[in-house]
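An overview of the molecular structure
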Amino acid sequence: MSAVSSPRPPSLRALREDDLDAVMDIEERGYPFPWTRGIFVDCLRAGYPSLALEDDGDLVGYGVLSVAADEGHILNVCVDPQLQSRGLGRFLFRALVQLARDHAAHRVFLEVRPSNGPALKLYESEGFNEIGRRPRYYPAHGGREDALVMAMELVSDDIDKMPPL
């Protein structure tokens, strides 16, 4: 009897400019108002920490982070719409938060459309809280849509060593 090989877990690596054809394919299918290729190029050339999510060797998601002073800002996170609801987004999102921590950020911010229920649910379940609203931030069909501003304080890993309350 031969052993059945288990599927490889998803992996992460730095996003590169030569990934942008695949990124744009996902971006255009994932968002009604996608980022342009130029925005991604600008972020990569500016040195923004960015991740490529691969599954079975294929790029299936990506994330872009900005870090300044002690604050991280998740600018874009997306998983191929055909592969959503499988835990890949959570895996990628946690990696972006860890990347912010690795860059000495003490807190992480993001904006999200109020109409994006699945993203809101994910962010809240990962410890983000709504701290404000940016009126008319996003383009929308027939006008503009507000953005919810969410944030999470990054606590030291020492918290794991504290005795239970």
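Look up a bit, the structure's there.
Now for a description of the structure that goes with this document. All values derive from a computational prediction rather than experimental measurement.

Bringing the packing of helix α3 (residues 88-102) against helix α4 (residues 117-125) into the picture now. Where α3 meets α4, the closest approach of the two axes is 11 Å, and the angle between their N-to-C directions is 50°. The orientation of α3 with respect to α4, classified from their angle, is oblique. Crossing geometry of α3 relative to α4 is assigned as right-handed. Here G89, R90 and F93 of α3 lie close against α4, whose contacting residues are L122, Y123 and S125. By residue class, the composition of the contact of α3 with α4 is three nonpolar, two polar and one charged.

With that out of the way, let us pick up α4. The set of residues buried in α4 consists of A119, L120, L122 and Y123. Looking down the long axis of α4, one finds its buried residues gathered within 165° of arc, a one-sided arrangement. Facing away from the buried side of α4, by more than 90 degrees, are the exposed residues P118 and K121. Each element contacted by the buried residues of α4 is listed here: β4 (71-79), α3, β5 (107-112) and β7 (143-153).

In the structure shown here, the tally under the stated rule is 16 salt bridges. Ionic pairing is found between D21 and R37, a salt bridge with its closest N-O pair at 3.0 Å. With D21 in helix α1 (residues 20-30) and R37 in helix α2 (residues 37-45), this pair connects stretches of sequence that are 16 residues apart. Note on R37: relative accessible area 36%, which makes it partly exposed. Between R133 and D146 there is a salt bridge, with its nearest N and O atoms 3.1 Å apart.

The rules behind these values
- Residues numbered from 1 in each chain as written.
- Predicted model: local features only at pLDDT ≥ 70, side-chain atom pairs only at ≥ 80, totals over all residues.
- Heavy atoms only, no water.
- Axes fitted to C-alpha atoms, helices over the stretch in contact; angles between N-to-C directions.
- Helix = DSSP H or I, 4+ residues; strand = E, 2+ residues; numbered from the N terminus.
- Parallel < 35°, antiparallel > 145°, perpendicular 65-115°, else oblique.
- Left-handed = near helix turned anticlockwise from the far one by under 90°.
- Contact = heavy atoms within 4.5 Å.
- Nonpolar A, V, L, I, M, F, W, Y, C, P; charged D, E, K, R; others polar.
- Buried < 20%, exposed > 50% of the residue type's maximum accessible area, 1.4 Å probe, protein only.
- Arc of directions from axis to C-beta.
- Salt bridge = Lys/Arg side-chain N within 4 Å of Asp/Glu carboxyl O.

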